[in-house]
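Topology and contacts: notes
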Amino acid sequence: MKIYFDNCCYNRLFDDRSNIKNYLEREAVLIVMQKAFENELEIIGSDILEIEISKIKNDEKRNDVEGIYHALVSDSVKATLEVKERAVRIRELSNIRNFDSLHLASAELSSDVLLTTDMKFLKGCRRMDLEIEVKNPVEFVMEVFGYDESDNEDSKGQ
């Protein structure tokens, strides 16, 4: 399975963990990253991600995000005319703008699932007919790794 993280997934690792949403999403992103390191899935990057990551103002955070990105990504989508044209079409059909439209266009060409912690982006994607699944990392982890039939059996006897 090929996974495309948008920029906010990489940044979630550095957000305030006292916020429960941030904490859960951070843990889910870390689980997906661990599964990639274990070769259970593949993380796809893009020229667009590299540009957006390069715009992180805090030097230390930018360097950390770049290091994580380069350690994880097994393949990268180039910002081709096809990607740019698809992004324009996405913007025409939705409220999805700028980098998000470029991430979605890149992910459609390369991945099975795009993960995002940006709820506005996620809602915009869910209103469209897409060739790719777009999910929050927590939702993805629970669906793919979080449920086992034996979980249900354990709770029946209690």
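Residues numbered from 1 in each chain as written. Predicted model: local features only at pLDDT ≥ 70, side-chain atom pairs only at ≥ 80, totals over all residues. Heavy atoms only, no water.

Here Arg62 lies in helix 4 (residues 59–72). According to the relative accessible area criterion, Arg62 is buried, its value standing at 17%. Polar side-chain contacts of Arg62 include one of 2.6 Å to the backbone oxygen of Ile56. Leave out the neighbours within four places in its chain, and Arg62 touches Ile53, Ser54, Ile56 and Lys57. (Helix = DSSP H or I, 4+ residues; strand = E, 2+ residues; numbered from the N terminus. Buried < 20%, exposed > 50% of the residue type's maximum accessible area, 1.4 Å probe, protein only. Polar contact = N/O pair within 3.5 Å; in protein donor to acceptor, adjacent residues only side chain to side chain. Contact = heavy atoms within 4.5 Å.)

Next up on the list: the packing of helix 3 (residues 47–54) against helix 4. It is the contact of helix 3 with helix 4, at a shortest axis distance of 9 Å, that shows an interaxial angle of 160 degrees. Here helix 4 runs roughly antiparallel to helix 3, going by the angle between their axes. Contacts from Leu49, Glu50, Ile53 and Ser54 in helix 3 reach Arg62, Val65, Glu66, Tyr69 and His70 in helix 4. For the contact of helix 3 with helix 4, a count of residues per class yields 4 nonpolar, 2 polar and 3 charged. (Axes fitted to C-alpha atoms, helices over the stretch in contact; angles between N-to-C directions. Parallel < 35°, antiparallel > 145°, perpendicular 65-115°, else oblique. Nonpolar A, V, L, I, M, F, W, Y, C, P; charged D, E, K, R; others polar.)

Here the focus is the packing of helix 2 (residues 20–37) against helix 8 (residues 137–144). Direction vectors running N to C along helix 2 and helix 8 enclose 50 degrees, while the axes themselves pass 8 Å from each other. With respect to each other, helix 2 and helix 8 are oriented oblique. In this structure, helix 2 crosses over helix 8, and the sense of that crossing is left-handed. Of helix 8, the residues touching helix 2 (which contributes Leu24, Glu25, Ala28, Val29, Ile31 and Val32) are Pro137, Val138, Phe140 and Val141. (Left-handed = near helix turned anticlockwise from the far one by under 90°.)

By themselves, these observations are geometric and do not establish any function.
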